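# Descriptive structure summary
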Amino acid sequence: MTPDENGIYRWRYSVNLYRNLGILWLLFKVFAWIFVGCVIFNLFLSDFHISLAGVKWFAIGFAGCMALVTASYYLYALIQGGRYTWDFAMDEEGVSATQAPNEAKKTKAIGIVAAAMGVATGNLSQVGVGMTVSSRDGMYSRFGTVSKVKADRNHNTINLRNGLYHNQLFVSEEDFDFVLNFITTHCPKLKK
């Protein structure tokens, strides 16, 4: 990997959504934590009274939530043609991840449809999610703010975190070590 005339390293990565399930596992983790938060909130409301029937309904709810996440993921994979393609640009200050233009159009269309369905049903949360999806096509991580870097070679990903902000970078095997080393040497807040 070599920088261009401006000192920017650029690469494109296309994830096979059916073979590389890293994104699905990330969705499972996110929704599992949301579900755990709902359970804890419900326990507070019930003064920590736990019943067998309550445990059964929470288990059914969790299984239903995970089934919905799985079905949604595969529907998205079908709409995207089984691929998730991103363009990356990295310099001394940070790294940006931008959806490939043709896929960004599909994502915007999905967001607009979701927002319209939210308006039609009076669901303001769905309107907000749809508007967010339709207006966003990339992320930027400034190295000076990154506090955690986690490499996942099995899924060719490098995860950058700063508090609740999360950016997932996809890198080919041959460039993985270079990109990981570049990032970790440019992030002053990382714990050594």
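Remember, predicted model here, so these are calculated numbers, not experimental data. (Residues numbered from 1 in each chain as written. Predicted model: local features only at pLDDT ≥ 70, side-chain atom pairs only at ≥ 80, totals over all residues. Heavy atoms only, no water.)

Positive charge collects at one region of the surface, where Lys29, Lys148, Lys150, Arg161 and Lys191 lie side by side. Within the secondary structure layout, Lys150 lies in strand β5 (residues 148-152). Accessibility expressed as a relative area gives 47% for Lys150, which makes it partly exposed. (Patch = residues over 30% accessible without salt bridge, like charges linked within 9 Å, V, L, I, M, F, W, Y side chains within 5 Å. Areas by Shrake-Rupley, 256 points an atom, 1.4 Å probe, with all protein chains shown as cover. Salt bridge = Lys/Arg side-chain N within 4 Å of Asp/Glu carboxyl O. Lys, Arg positive; Asp, Glu negative; His and termini not counted. Charge placed at Lys NZ, Arg CZ, Asp CG, Glu CD. Helix = DSSP H or I, 4+ residues; strand = E, 2+ residues; numbered from the N terminus. Buried < 20%, exposed > 50% of the residue type's maximum accessible area, 1.4 Å probe, protein only.)

Moving on, we come to helix α5 (residues 173-186). Helix length check: α5 (14 residues) gives 21 Å between terminal C-alpha atoms against 20 Å at 1.5 Å per residue, within 8%. For α5, the full list of buried residues reads Asp175, Phe176, Val179, Leu180, Phe182 and Ile183. One face of α5 carries all of its buried residues, which in axial projection span an arc of 165°. What points out from α5, more than 90 degrees from its buried face, is the exposed set Glu174 and Thr185. The elements touched by buried residues of α5 are β1 (9-16), β2 (83-90), β5, β6 (157-162) and β7 (165-170). (Expected span 1.5 Å × (residues − 1). Arc of directions from axis to C-beta. Contact = heavy atoms within 4.5 Å.)

On inspection of all chains with the given rule, the structure shows 14 aromatic pairs. Measuring from ring centre to ring centre gives 5.4 Å for Tyr9 and Phe182, while their planes differ by 65°; the resulting arrangement is edge-to-face. Taken together, the residues Tyr9 in strand β1 and Phe182 in helix α5 connect sequence positions 173 residues apart. Each member of the pair, Tyr9 as well as Phe182, is classed as buried. Taken together, a centroid distance of 5.3 Å and an interplanar angle of 65° make the contact between Phe35 and Phe62 edge-to-face. Of this pair, Phe35 sits in helix α1 (residues 22-45) while Phe62 sits in helix α2 (residues 52-79), placing them 27 residues apart in sequence. The buried category is assigned to Phe35, whose relative accessible area is 17%. We classify Phe62 as partly exposed; its relative accessible area is 34%. Put simply, the rings of Tyr13, Tyr76, Tyr84, Trp86 and Phe170 touch in pairs and so form one group of aromatic residues. (Phe/Tyr/Trp six-rings, centres within 6.5 Å; stacked < 30°, edge-to-face > 60°.)

In this section: the environment of Ala67. Here Ala67 is to be found in helix α2. Residue class for Ala67 comes out partly exposed when judged on its relative accessible area of 46%. For the pair Ala67 and Phe28, spaced 39 residues apart in sequence, the C-alpha separation works out to 9.9 Å.

To continue, consider the layout of surface pockets. Size it by volume and the second largest pocket reaches roughly 310 Å³. Looking at the second largest pocket, it is lined by 14 residues, and the ones nearest its centre are Leu26, Lys29, Lys150, Asn159 and Arg161. For the lining of the second largest pocket, the secondary-structure elements that each account for two or more residues are α1, β5, β6 and β7. Ranked by the residues each element gives to the lining of the second largest pocket, the list is headed by α1, at six residues. (1 Å grid on protein atoms, 1.4 Å probe; cavity = no way out; pocket = protein on both sides within 12 Å on 5 of 7 lines; lining within 4 Å. Points joined across faces, edges and corners; volume = space filled by probe spheres on them.)

Turning to the side chain of Asn20, a few remarks are in order. Mapped onto the elements, Asn20 comes out in the loop between β1 and α1. Overall, the relative accessible area of 13% leaves Asn20 in the buried class. The contacts of Asn20, once residues within four sequence positions are left out, are Val15, Tyr73 and His155.

Geometry only, nothing functional implied.
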